[in-house]
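# What the coordinates show
Here is how the chains run, residue by residue.
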Amino acid sequence: MLDLNSKAPEFTLQNTNGDKISLSDYKREKNVVLLFFPLAFTSTCTKELCQTRDNLKLYESLEAEILGISVDTFYTLKEFKASQNLNFQLLSDFNKETSQNYGVLYENFYGMKGVSKRSVFVINKEGKIVHSEILENASDLPNFKMIEDSLLKLS
């Protein structure tokens, strides 16, 4: 478990175009909301990411960049993003290293090993974790109000 006010683990992952995106790309520029989600095209993940899509203007007004992360391939994430008209980056953690570094991997998820837990990390412009929520039950949604409140405190 990562402590609040600790440095967020750095990562570089591929987005839906195959481009490499790093957490450090946003340092000093934007706050970052990492949304780890179990699997593309599943009901709760779709609901979570569509709710985020519909509130993107709010996040942008709070100087926040949304990065959705799952262990799906970037090809799968590209199709998922297009099918749901998602207006923020989805990143593939296919090798599971970032999920491992953030402590959000299920050992066993319905017989699949190494699927990301639904989790949120709000990272300030200095790269420190200011909010985290790791959900053990994949059918639960994150507390969007707490995400918003943590971003409000940074503005």
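The structure this text deals with has already been given above.
To keep things clear, this report deals only with the structure shown in the data block.

Calculation rules
- Residues numbered from 1 in each chain as written.
- Predicted model: local features only at pLDDT ≥ 70, side-chain atom pairs only at ≥ 80, totals over all residues.
- Heavy atoms only, no water.
- Core = buried A, V, L, I, M, F, W, Y, C linked by side-chain atoms within 4.5 Å.
- Buried < 20%, exposed > 50% of the residue type's maximum accessible area, 1.4 Å probe, protein only.
- Helix = DSSP H or I, 4+ residues; strand = E, 2+ residues; numbered from the N terminus.
- Contact = heavy atoms within 4.5 Å.
- Salt bridge = Lys/Arg side-chain N within 4 Å of Asp/Glu carboxyl O.
- Pairing = 2+ DSSP bridges.
- Phe/Tyr/Trp six-rings, centres within 6.5 Å; stacked < 30°, edge-to-face > 60°.

### Some points on the nonpolar core
V33, F37, L49, L90, I147 and L151 are the most contacted members of the largest nonpolar core, which totals 22 residues. Elements with a minimum of two residues in this core: β3 (31-36), α1 (43-54), α2 (56-61), β4 (64-70), α3 (74-84), β8 (119-123) and α5 (144-154). Apart from residues no more than four positions distant in its own chain, I147 is found in contact with V33, Y59, V120, V122, H131 and P142. Among the nonpolar cores identified, the runner-up in size contains 18 residues, and V32, F36, L67 and V104 belong to it.

### Regarding the pattern of salt bridges
Applying the stated criterion across every chain, the model contains six salt bridges. With its nearest N and O atoms 3.3 Å apart, the salt bridge here joins K30 to E65. With K30 in the loop between β2 (20-22) and β3 and E65 in strand β4, this residue pair connects regions lying 35 residues apart in the sequence. By relative accessible area, which is 32% here, K30 ends up partly exposed. Classification of E65 by relative accessible area gives buried; the value is 18%. Here D149 and K145 are joined by a salt bridge, their closest N and O atoms 2.9 Å apart. In this pair, D149 and K145 both sit in helix α5, four residues apart, roughly one turn of the helix. Residue classification places D149 among the partly exposed positions, given a relative accessible area of 26%.

### Here we look at the pairing of strand β9 (residues 129-134)
In regular strands, side chains alternate between the two faces of the sheet. In the sheet, β8 pairs with β9 via five bridges, with the strands oriented antiparallel. Bridge pairing links S119 to I134 in β9. Here β8 folds back onto β9, and the loop between the two strands holds five residues, one of which, G127, carries a positive phi near 85°.

### Brief notes about the packing of aromatic side chains
By the definition in use, this model includes nine aromatic pairs. With a centroid separation of 5.4 Å and 45° between ring planes, the pair formed by F36 and Y102 is classed as tilted. With F36 in strand β3 and Y102 in the loop between α4 (97-101) and β6 (105-106), this pair connects stretches of sequence that are 66 residues apart. Side by side, F36 and Y102 carry an identical accessibility label, which is buried. Ring centres of F36 and F121 lie 5.9 Å apart, and the angle between their planes is 85°; this geometry places the pair in the edge-to-face category. With F36 in strand β3 and F121 in strand β8, the pair connects residues that are 85 residues apart, well separated along the chain.

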